Structure formats: structure tokens, C-alpha cells
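Observations on the three-dimensional arrangement
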Amino acid sequence: MKTRKLIRTAAAVIAMMAGYAQAAVVTVWDVTDTAVFVPASVNPSCAGASCPVLSAGDTSLRWGTPATAAGQSGLDISNPAGAVAVPLSSLTATIDVTHLNHPVFDTTLNTVDILATLQLTPNTPPGLPGLPPGDILFKIKFFETPNEPAGLCADGGANHVGKNINGCADIFVIDNEAANFDFWYDTDGAGGDDPVLYSVSFFEMTSGFNFLPTAACLAATGSSAPCRGFETSEFMDTTVHFGILITAAVPEPDSMALFGLALASLGWVGRRRRLQK
């Protein structure tokens, strides 16, 4: 009885494996990722000469009264020139955000949002319809630190050490909770019965984007709760590279076949043992 049950189970698994093999997977996606600063989110919003000002199609932001010939502090977004081919399970670069950390006086940036518009179109196999564009919002909180405080830097570290080598580093906190999402796509078109679940995640591709010290979170957000972001050294331009990762949740047909054959083998071995008794 148990042997027949195992064989029936193996047959069911192999049949299910055949169904999975029919589910075609998009192995490469063309991704267009275009990001801009949201004008209404720039804080403070004021009219003074040192107040934050957007330019270059809302991809460049400048603020502060320059303390050196280097000019104002700022943020720049660099978008890819066109669609980027993203193979499954391969972290691929998309947008860059650069902080120009220059010494400034007077007004500094407090907060700003980055709006990324994402368009995904199948590349391999070709000729399939793309997904509707989707928007992802990244909220940034920024703290322009005093360069030479009486004690420790705002992140709790010693001045002129590590990130604080040229004076206390500035602090960015990025809320990217919306940067991970799933979607279903069927290469048979709308109404097909073999959809595949894909997952999209955004990552920062350098080592600078991490969980920040409690002191840095408190300085930038007023909260000691865990926060993620990066610190930028004074007198330096720091570029943060963001990448996209797309994965597909499809069982491997070879694995399913091996599992089914293993079950069938167990049933066959059990049957032979009983015949030999």
C-alpha cells in the first residue's frame, strides 16, 4: 500500500514538473529608471540666496553660502541614457546620486524626495508587452554637520578619523521601504494560465549604504530607531550607485524531476525488498 502511494506521489510530482516546464520565464528585462527630485518636497523652501535651488530638469540641487572657492553643496542625479538590460538574478547598475560636500554657511538642505519612474519590458524572449510605468518614492533626510564641534561628531565618532577625516561627515538617511515589490507576468499574455512571480529589489552597490549608528539616526531624523543611509566626507564628492535586482520564483524542472525519481526509486526499492523476503 505504501509503495503504491509513493509511486502515485512521484507520478504527481513528475506531472506537476511538466506543467512548470511549460511556464516560460523572462530571463532578461529592459529597465528604464528615470529619477528626479520632487520640487514640492525640498525643505526648507525659501527665497534667500543660500536656499536650496533645483535645476537641470530637477536632477540637480544646490544650497548654502560657499565658504570656499569650491562653491555650494549639492546633490546630483545621473540617470542611464536609455533602457538597461537586466538579466535575472544579476544586480545591475541604474541611477547614481552624487553629494558635493563643500563647506557652506547659512541655509542648508533638510529633506528632499527622489521620485523614480520604472518601466520594465521583456528583452528575452523578445516581442512581449511591457508593464505599465510605476513610481517609487525615496525620502531623504539630510544633516549638514558642524565640521569642528567641541566634542564628538554628530555620528558619535571621533573627528578627523575615518569618514570624519576632513571634519565631521554629513549624514543622509534614506527611507527605501517601497524599493522592494513583486509582480506576476505571463509570457502567454493576459489571461494565460502560467504566470511567473518576479521580485524587484533596489540596492546600493557600494559599501557606504548601511545601518547608521544610533547617534547619526538621532542627528538626522530625531529618532534613535534603526535607520539606513550613508555619510559623506567633507571636501569630497561622494557618488552612491544604486542597482536593481530581478528574480523569478519558479521551481527548477531538473530539481522537480530528481525529486520525483527519488520518490519512485524509494517505492521500487521497498517493493524489491518485500519480493526478496
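Look up a bit, the structure's there.
Let me begin by describing the structure that accompanies this report. Being a predicted model, the structure only gives us computed values, none of them experimental. (Residues numbered from 1 in each chain as written. Predicted model: local features only at pLDDT ≥ 70, side-chain atom pairs only at ≥ 80, totals over all residues. Heavy atoms only, no water.)

**What to know about the packing of aromatic side chains**
With the rule as written, the count across this model stands at nine aromatic pairs. On the basis of an interplanar angle of 80 degrees and a centroid distance of 5.3 Å, the ring pair of Trp29 and Tyr185 is categorised as edge-to-face. Within this pair, whereas Trp29 is found in strand β1 (residues 28-37), its partner Tyr185 is found in strand β12 (residues 180-185), the two being separated by 156 residues in sequence. In this structure, Trp29 and Tyr185 share a single accessibility class: buried. Members of the aromatic cluster, joined through ring pairs, are Trp29, Phe183, Tyr185 and Tyr198. Between the NZ or CZ atom of Arg228 and the centre of the ring of Phe211, over which it lies, the distance is 5.3 Å. (Phe/Tyr/Trp six-rings, centres within 6.5 Å; stacked < 30°, edge-to-face > 60°. Helix = DSSP H or I, 4+ residues; strand = E, 2+ residues; numbered from the N terminus. Buried < 20%, exposed > 50% of the residue type's maximum accessible area, 1.4 Å probe, protein only. Lys NZ or Arg CZ within 6 Å of the ring centre and 35° of its normal.)

**Let's talk about the sheet that holds strand β7 (residues 92-101)**
Each strand in a sheet pairs with its neighbour through backbone hydrogen bonds, running either in the same direction (parallel) or in the opposite one (antiparallel). With antiparallel pairing, seven strands are arranged side by side in an open sheet as β2-β3-β5-β7-β16-β13-β12. Each edge of the sheet is formed by a strand with only one pairing partner; in this case those strands are β2 (53-55) and β12. On average, each strand axis in the sheet is inclined to that of its neighbour by 15 degrees, with strand direction left out of account. Of the pairings in the sheet, the one linking β7 to strand β16 (residues 236-248) comprises eight bridges and is antiparallel in character. Paired with Asn101 across the two strands is Met236, which belongs to β16. (Pairing = 2+ DSSP bridges. Axes fitted to C-alpha atoms, helices over the stretch in contact; angles between N-to-C directions.)

**What to know about the environment of Asp193**
Turning to its location among the elements, Asp193 is positioned in the loop between β12 and β13 (196-204). With sequence-adjacent residues up to four places away left out, Asp193 is seen in contact with Asp186 and Asp188. (Contact = heavy atoms within 4.5 Å.)

**Quick word on the pattern of salt bridges**
Scanning all chains against the criterion turns up two salt bridges. Asp76 serves as the salt-bridge partner of Arg62, at 2.9 Å between the closest nitrogen and oxygen. Placement of the pair is Arg62 in strand β3 (residues 60-63) and Asp76 in strand β5 (residues 73-78), with a sequence separation of 14 residues. For Arg62, a relative accessible area of 23% puts it in the partly exposed group. With a closest N to O distance of 3.3 Å, Asp113 and Lys139 form a salt bridge. Of this pair, Asp113 sits in strand β9 (residues 111-124) while Lys139 sits in strand β10 (residues 134-143), and the two are 26 residues apart along the sequence. On the basis of relative accessible area, Asp113 is assigned to the buried category, the value being 12%. (Salt bridge = Lys/Arg side-chain N within 4 Å of Asp/Glu carboxyl O.)

**Examining the sheet that holds β9**
Sheet architecture is open: seven strands sit in the order β6-β1-β9-β10-β11-β15-β14, paired in antiparallel fashion. Whereas interior strands pair on both sides, the edge strands pair on one side only; in this sheet they are β6 (84-87) and β14 (210-211). Both strand β11 (residues 170-175) and strand β15 (residues 228-232) contribute to a ladder of four bridges, which runs antiparallel. Note on β15: the bridge partner recorded for Val173 is Gly229. Along the sheet, helix α2 (residues 214-221) contacts β10 and β11; its crossing angle with β11, the most-contacted strand, is approximately 80 degrees.

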